[in-house]
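What the coordinates show
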Amino acid sequence: MTAVQTHMDPAVRESTVAVERRRGGLGAALRFEVRKLRAQYRGWAVLAGAVLAPIPIVVIINGQSRPPKDTLFGRFATDNGFALTLLILGFATQWVLPLLTAIVAGDIFASEDQHGTWKTVLTRSTSRAQIFWAKTLTACGFAVLVLTLLAASTIASSLLIVGHQPLTGLSGQTIGAGTALQLVTASWATTLAPTLGFTCLAIVLSVWFRNPAVGIATPVVLGMVMVLIGGLGGIEIIRPLLLTTSFEAWHGLFTQPRFTGPLVEGLLVSAAWSVLSLGAAFAIVRRRDITGG
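Quick summary incoming for the structure in this document. Bear in mind the structure is a predicted one, so any value in this text is a computation, not a measurement.

Overview of the packing of helix H6 (residues 81-105) against helix H11 (residues 192-209)
Running from N to C, H6 and H11 cross one another at 40°; their axes reach a closest spacing of 9 Å. If you check the angle between H6 and H11, you find them oblique. In terms of crossing hand, the pair formed by H6 and H11 is right-handed. Between H6 and H11, the residues in contact are Leu97, Pro98, Thr101, Ala102 and Ala105 and Thr195, Phe198, Thr199, Ala202, Ile203 and Ser206, respectively. Split by residue class, the contact of H6 with H11 holds 7 nonpolar, 4 polar and no charged.

Let's talk about the packing of aromatic side chains
Taken as a whole, this structure holds 10 aromatic pairs when the rule is applied. Taking 5.0 Å as the distance between ring centres and 85° as the angle between the ring planes, the aromatic pair formed by Phe132 and Trp133 counts as edge-to-face. Trp133 gets classed as partly exposed once you look at its relative accessible area, which sits at 37%. Phe132 sits in the buried class, given a relative accessible area of 0%. Clustering of aromatic rings is evident, with ring pairs tying together Phe109, Phe132, Trp133 and Phe282. One residue, Lys135, lies across the ring of Phe109, its end atom 5.8 Å from the ring centre.

Calculation notes
- Residues numbered from 1 in each chain as written.
- Predicted model: local features only at pLDDT ≥ 70, side-chain atom pairs only at ≥ 80, totals over all residues.
- Heavy atoms only, no water.
- Axes fitted to C-alpha atoms, helices over the stretch in contact; angles between N-to-C directions.
- Helix = DSSP H or I, 4+ residues; strand = E, 2+ residues; numbered from the N terminus.
- Parallel < 35°, antiparallel > 145°, perpendicular 65-115°, else oblique.
- Left-handed = near helix turned anticlockwise from the far one by under 90°.
- Contact = heavy atoms within 4.5 Å.
- Nonpolar A, V, L, I, M, F, W, Y, C, P; charged D, E, K, R; others polar.
- Phe/Tyr/Trp six-rings, centres within 6.5 Å; stacked < 30°, edge-to-face > 60°.
- Buried < 20%, exposed > 50% of the residue type's maximum accessible area, 1.4 Å probe, protein only.
- Lys NZ or Arg CZ within 6 Å of the ring centre and 35° of its normal.

Given below as structure tokens:
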């Protein structure tokens, strides 16, 4: 508190302090991070890719004479738009979603180290905790937006190009178009939790290694490793704990009867990965020496 504020009337002083806090704080830090992200062409390129990339992919797959029969819905992909949407979903969860979200999350902290701007962003009106949560919320919000755009574009292009015929479920049952659309939309929604899990994983790597390349590439590599481990036999105890296993929980929506146990388990596992990652990242940020930049 300054000398001038010390001699102010108490009511005026409290009002002044309140105004200063409102100017700073989490809200101001969040608005600043969002503005920075909006000014980056990389973020806009990712969003544009999420909207436009599914269209040529749908066209290419639909034009194949032999559909990919080695996947759950691949054999129906060229005849049914819902099946094609689910085929792309299965492919996207292997490395596309971790990559698209890590492009921002893996760089949002490391860029401050790279440019030596920590002392600039940590002003008197903004604490380390506020900066941390502002960056985290920005990265998570971007991940949600990317997933939403990718899902909407994939579903829309698949149905418009291939069609919206009734879907054959995993138990051989016929699913009407209306119900299929609801289930397909819900399937994409179930990937939100593990997507945020990978976002938080990218954040802790960004904080820990202070290198944008590591923060962006490592989550993708770890995701591929998890997929490979999940495909091995004899690891039933470990497999449910893998973050990539949560991406597969939507399969239970297309059986008869439906089962939602993997969905609940996936939410818990994704939440655990997110909490542990953010806890570690926050501890590192709190102890970081910023005197060098």
